[in-house]
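Here's the letter readout for the chains.
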Amino acid sequence: MTGEWQIDVDHRRCIGSGVCASVAPGHFTLDDNQRSQPIAAAATPDERILDAAATCPMEAISITEPSTERSRPTPIRSLAAHHEETPMDHPDTTPSRQPTTDVERSPAPAPSRE
């Protein structure tokens, strides 16, 4: 993308998690209703804007380049360059859960026969 990006937040989808404002504080803020809004409707391209859109839990942020009107894809979990996914990143699709603590790895004690 070249030129300025148009930033839009779908307020019907936004749940006000504030992730975008944390990731890109110079580009997003929460309004009086605790919903995200861009600080400016247009911005110079910035990786933090893409990170904010990619980490939005509701995929409520869209970024477009006015000269081409192409949308920048921002699916959740699209931070492959920043984060290598593991099966635990998608617990709903993981076939079996791996133990995470020593307690879970220990076998259960055998019942006593007194």
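Since this is a predicted model, take the numbers as computed values, not measurements. (Residues numbered from 1 in each chain as written. Predicted model: local features only at pLDDT ≥ 70, side-chain atom pairs only at ≥ 80, totals over all residues. Heavy atoms only, no water.)

### So, the confidence of the model for the protein
Now for step 1: Counting all residues, the mean pLDDT for the protein is 75, and 56% of those residues have values of 70 or more.
Now for step 2: Considering only residues more than four positions removed or in separate chains, one finds that residues 73-91, a stretch of pLDDT under 50, has 26 contacts. (pLDDT = per-residue confidence, 0-100. Contact = heavy atoms within 4.5 Å.)

### Regarding the pattern of salt bridges
Now for step 1: Throughout the structure, instances matching the rule amount to two salt bridges.
Now for step 2: Here D10 and R12 are joined by a salt bridge, their closest N and O atoms 3.2 Å apart.
Now for step 3: D46 is the partner of R48 in a salt bridge, and the nearest nitrogen-oxygen pair spans 2.6 Å.
Now for step 4: Judged by its relative accessible area of 41%, R48 is partly exposed.
Now for step 5: You can call D46 buried: its relative accessible area is 16%. (Salt bridge = Lys/Arg side-chain N within 4 Å of Asp/Glu carboxyl O. Buried < 20%, exposed > 50% of the residue type's maximum accessible area, 1.4 Å probe, protein only.)

### As for the state of the cysteines
Now for step 1: A full pass over the atoms with the stated rule returns zero disulfides.
Now for step 2: Just so you know, C14 is unpaired, no disulfide at all, and the nearest cysteine sulfur is the one on C56, 6.3 Å from it.
Now for step 3: Not part of a disulfide, C20 finds its nearest cysteine sulfur in C14, a span of 6.4 Å. (Disulfide = S-S within 2.5 Å.)

### A word on the nonpolar core
Now for step 1: Formed by 16 residues in total, the largest nonpolar core has its most connected members in I7, V9, F28, I49, I61 and I63.
Now for step 2: The element that contributes the greatest number of residues to this core is helix α2 (residues 47-55), accounting for four residues. (Core = buried A, V, L, I, M, F, W, Y, C linked by side-chain atoms within 4.5 Å. Helix = DSSP H or I, 4+ residues; strand = E, 2+ residues; numbered from the N terminus.)

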